[in-house]
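Examination of the molecular architecture
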Amino acid sequence: MTLKKVNAIEVKNVTKVYRSSNTETRALRNANLTIYDNEFFTLLGPSGCGKTTLLRLIAGFEDITEGSINLFDQEIVNLPPNKRPVNTVFQQYSLFPHLDVYENVAFGLRRLKKDESLTKKRTMEVLELVQMKDYATRKPNQLSGGQQQRVALARALAPEPKVLLLDEPLSALDLKLRQAMRYELKTLQRETGITFVFVTHDQEEALTMSDRIAVINEGEIQQIGEPEQIYESPSNKFVANFIGEANLLSGFCKTNGENGLCELYTGHSINLFVPSHIKQNDKVTIFIRPERIKIVKSSKDKSQLSISEFTYLGNAATIQLKSNEQIINVNLPIEDLKVFKKGDYVDIEFPKGSAQVID
Amino acid sequence: MLAKNKKTKFRYVWNFPGFGGWTAIFFGFLYVPIFVLVCYSFNSSKFAMIWTGFSFRWYAKLFSNDDIQTATINSLIVAFAAAPLATIIATFSALALVRGGEFRFREFSNGLITLPLMVPEIVTAVATLIFFASLGINFGLINVIIAHTVFCIPFAFMPIKAALEAMDPNLELAARDLYSDKTSTFKTITLPLLTPGILSGFMLAFVISIDDFIITLMVAGGGSTTLPVYIYSMVKMGVSPEVNAVSSLMLGFSIFIVSLYWFFNRKINN
Amino acid sequence: MNIQGENKTQNRIYSLLPLWIVVGIFMIGPLLVMAVVSLMESNVYGGVHFKFSLSGYRQILFDTNLFDEIEFNPAYLIIIGRSFMLALVATFISLLIGFPAAYFISRQSNRVKNILIFLVTIPFWTNLLIRTFAWIIILGKGGVIESSFNFFGLLDEESSLNLMYTNSAILIGLVYSYLPLMVLPIYASMEKMDLRLLEAATDLYSNRIELIRKIILPLSMPGIIGGSILVFVPCLGAFIAPDLLGGGKKLLLGSLIQFQFSYARNWPFGAAMAMFLLALVILVLIFNARLNRKHREYASQK
């Protein structure tokens, strides 16, 4: 991209500590990240990792312990939530139960003292956008989970926030609806051009919807990048394990550099990039996705690797190879389902660029 | 041979034989005295306990009894003063205790609210009597109102606290997020959602005040007799059928208010 | 939740100030004044003589006879003992009646459950004096029971069963007054109980008696303890039931205290008795807190 990206949100050295009478919990440690305008940005991590805390800090629901947050180059840390031009979609929707759909959606506009005709126009516009126009007079408890979700979205979009914050908005829906809503949310983001900050613990959601992802664990940001980047070259073991399936194999390296060489404890050699700080013969961990490993038939006298588990999945199979206490997981493509069976001796190959030395 | 195997009635393991009948007896025990009282209030006999025939005469007589009317008015004045006071105090306390997070006087304040429930009523009654007498506070009904307010606070507090706890705290945050300041969030979200709880609290406090007898007996001076105290003196002087009639009316009134409360509560839960 | 830049401390103090003032002055205040009065000398005209004296407390156990000698007087001790016994028995009977009923109610559908629990609570919200008075109509001379005995020829017109003014009458009154308070907490703890546990226990060869003893009783223990306290404490200081159903003959702690203020006009002695009752209740509550803590520890060790 040649255009200069505009920073929507800058999180600078943010730390959040929860204090209660005798304990201190560090929910976020020195977090730094920049979210660009018009971006679908996801905060991904296991529950309790601090992702929701970060979202609530941006919304203004928590007081910050240290650091600062800028919204379009303006410091917002000292503003109460009602003075911040960002809106939140809550996990349990939190629709006002005593107000109907229309009044829920119009709530923000009324507080902003927009005139009545404008409020009505905008409210109907967003209800149309989320296909809930026909439900304007219903109360929230007369709506299904999916419909409540749409109203919650409309309510947060109505005041045209500069950034929309979404706190695991799909987690309360059932699987089918969740998958359909993913696509809709992504489309909505493109159409409105509003920056979305999306919190989830579901890696599939993150990979399919996001422009960029920040992976968070134990209050620290592990990696920020585009979905392919995070999946293909995770920056550490946590990211490798948390997103998709990963083989983390032990071995040692013989030569450094772009065309380095390492050997696994199973005896297999791999060509891969070996950073210069890795010393020869030091123990290293090598990361490779199960679907990148190629397996070929072998025999007992040529290979020590045998198929110890064979799990049939319908459109594919996963197999587990065992050798010298090392376990290697491999995804078997559909055309090979009939070729291999449990107990077979096999050999494996690592295509170029498929493996990576990992910290 | 197979035909001889009589099938025993299926019973879930958690279903105990005889418990249903026992429960019926239990409810009978609770309600038969009330039923008997109401029946006898329609007794035409001059003697309270001997049934001679159906009649409304004792109800009619109530309306010409000035003492009963004064006592009823006193009861209503006290309840309409003490219940709102207790409800207001309970509402503010519940807001601070449920929404206020952890703070230093939390346990102390919780203790203060439950104190009137912990101390035996007769102790509260005589302590309040000594207190007013030794400080020379003698403002008639106002003494009674003060004592009732204190005693009604925990009853008003319970449903308000329950309503606040049942309320999603994110609703208030959502309102703040949608540009609502503190005052307007309280007015547009917290208060409307809390109204059924506050009404329930008010009704319970009202019933407790109307029904209270022991504290009123000790605290009330000559001119400030309430209905229960008057009924007590009638019972003590010998049971006249008029007592049955006025007692039935009081029971009916309390049951009506509590049913209203129940109705509101169901609305909160739905 | 602590919104950025908002001071909650001030709000809390303003919200709680009315509570602190009202309960502080008109509840704690009276208790303190009563404590002071209990340490004063009584005045022959029914007031208080402002002079420190333990006579109020001494009078619980000792009396001054005609010759100004102090002698042991067990009369009040007997009243205290009777109050304790009656409260204990009333609690036990309430448990016996209330436990199966609470269990039965907790096993009904949600709709039925709500209605039945509402029916349990109604008597609690109605006037205790009137409900107790209803028992006079039932138990009294020529009342419902005696007239039905008459009707079936089991009793002739002139004689009476003498049901009133007995310990049994007081007991019926006490159980009747506070039975709902036993059922509600037991019900609350049973309602949370998982029915699968009973199925699992039966699956593992328990019969119905063992189900009650080994599963239902232990799991509803917090409710049983809570209910027993809720019944025992007010029974201990009950005034209405002993006064109406026990007459003047069978004094209990509650009616004895009331008597000191309305007829005997010996305030220091009445205050001392009230302090004694308060101390008993506090002891029971401390015992309850201990029991609860033990139970919680036991539950968390599992």
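Residues numbered from 1 in each chain as written. Chains lettered and ligands numbered in written order. Predicted model: local features only at pLDDT ≥ 70, side-chain atom pairs only at ≥ 80, totals over all residues.

**Digging into the overall build of chain C**
For chain C, the count of helices and strands is 13 helices and four strands. In terms of C-alpha radius of gyration, chain C reaches 25 Å, well past the compact-globule figure of 19 Å for 302 residues. Residue burial in chain C is summarised as follows: out of 302 residues, 42% are buried. Sequence separation of 24 or more characterises 66% of the internal contacts of chain C that already satisfy a separation of 6 or more. (Helix = DSSP H or I, 4+ residues; strand = E, 2+ residues; numbered from the N terminus. Rg over C-alpha atoms; globule rule 2.2 N^0.38 Å. Buried ≥ 20, exposed ≤ 12 C-beta atoms within 10 Å, placed from the backbone. Contact = placed C-beta atoms within 7 Å.)

**A closer look at the sheet that holds strand β18 (residues 326-332) of chain A**
Residues and elements named next belong to chain A. If you trace the three strands from one edge of the open sheet to the other, you get β16-β17-β18, paired in antiparallel fashion. Only two strands of the sheet have a single partner each, and these edge strands are β16 (306-312) and β18. Strand after strand, the sheet turns through a mean of 20° between neighbouring axes, direction not considered. Pairing geometry for β16 and strand β17 (residues 317-323), over six bridges, is antiparallel. By the bridge assignment, I307 is partnered in β17 with L321. (Pairing = 2+ DSSP bridges. Axes fitted to C-alpha atoms, helices over the stretch in contact; angles between N-to-C directions.)

**Considering the interface of chain A and chain B**
With 20 residues of chain A at the contact, the number on the chain B side is 16 residues. Contributions of two or more residues to the side of chain A that touches chain B are made by β6 (86-89) and α2 (101-111) of chain A. A class-by-class count of the residues in the side of chain A that touches chain B yields ten nonpolar, nine polar and one charged. (Nonpolar A, V, L, I, M, F, W, Y, C, P; charged D, E, K, R; others polar.)

**So, the interface of chain C and chain B**
By a frequent convention, interface size equals the accessible area lost on bringing the separate parts together. On the side of chain B, 70 residues touch chain C, which itself brings 74 residues to the contact. Counting residues per element, the side of chain C that touches chain B draws most heavily on helix α1 (residues 8-37) of chain C, which supplies 18 residues. Looking at the side of chain C that touches chain B residue by residue, the classes come out as 54 nonpolar, 14 polar and six charged.

**Describing the confidence of the model for chain B**
Per-residue confidence for chain B gives a mean pLDDT of 88, with 94% of residues at or over 70. Mean pLDDT values for the elements of chain B range from 84 in helix α11 (residues 241-269) of chain B up to 94 in helix α3 (residues 66-99) of chain B. (pLDDT = per-residue confidence, 0-100.)

**Concerning the packing of helix α3 (residues 75-106) of chain C against helix α10 (residues 221-236) of chain C**
Residues and elements named next belong to chain C. Their axes nearest at 9 Å, the elements α3 and α10 cross at an angle of 140°. Both α3 and α10 take part in a crossing whose hand is right-handed. Every residue of α10 that contacts α3 at S83, L86, A87, A90, T91, S94, L95 and G98 is listed here: I224, G227, S228, V231, F232, C235 and L236. (Left-handed = near helix turned anticlockwise from the far one by under 90°.)

**Considering the packing of helix α5 (residues 128-139) of chain C against helix α7 (residues 167-191) of chain C**
All names here are of chain C. Look at α5 against α7: their axes get within 10 Å of each other, and the N-to-C directions meet at 140°. As summarised for this structure, α5 and α7 are arranged oblique, according to the angle between their axes. For the element pair α5 and α7, the recorded crossing hand is right-handed. Residues L128, R131, T132, W135 and L139 of α5 lie in contact with α7, whose contacting residues are A169, I172, G173, Y176 and S177. Each residue belonging to the contact of α5 with α7 can be placed in one class, and the counts come to six nonpolar, three polar and one charged. (Parallel < 35°, antiparallel > 145°, perpendicular 65-115°, else oblique.)

**Structural notes on helix α3 (residues 116-129) of chain A**
Residues and elements named next belong to chain A. With 14 residues, α3 should cover 20 Å at 1.5 Å per step; its first-to-last C-alpha distance of 20 Å lies within 8% of that length. Turning to α3, its buried residues number three or more, namely T119, T123, V126 and L127. Down the axis, α3 shows its buried residues gathered within 105° of arc, on one side only. Of the exposed residues in α3, the ones pointing more than 90 degrees away from its buried face are S117, L118, K121 and E128. For α3, the secondary structure elements touched by its buried residues are α2 and α4 (145-157). Immediately beyond the C-terminal end of α3, within one or two residues, lies Q131, with a positive phi of roughly 60°. (Expected span 1.5 Å × (residues − 1). Arc of directions from axis to C-beta.)

**Focus: helix α10 (residues 227-236) of chain B**
Residues and elements named next belong to chain B. The buried fraction of α10 is high, at seven of ten residues. Considered for burial, the residues of α10 that qualify are L227, P228, V229, Y230, I231, Y232 and V235. At the C-terminal side of α10, G238 shows a positive phi close to 120°.

**What to know about the environment of A152 of chain A**
All names here are of chain A. Tracing the backbone through its elements, the reader meets A152 in helix α4. The class for A152 is buried, based on 25 C-beta atoms found within 10 Å. Sequence-distant contacts of A152, that is, excluding residues within four places in its chain, are made with V89, F90, Y93 and L95.

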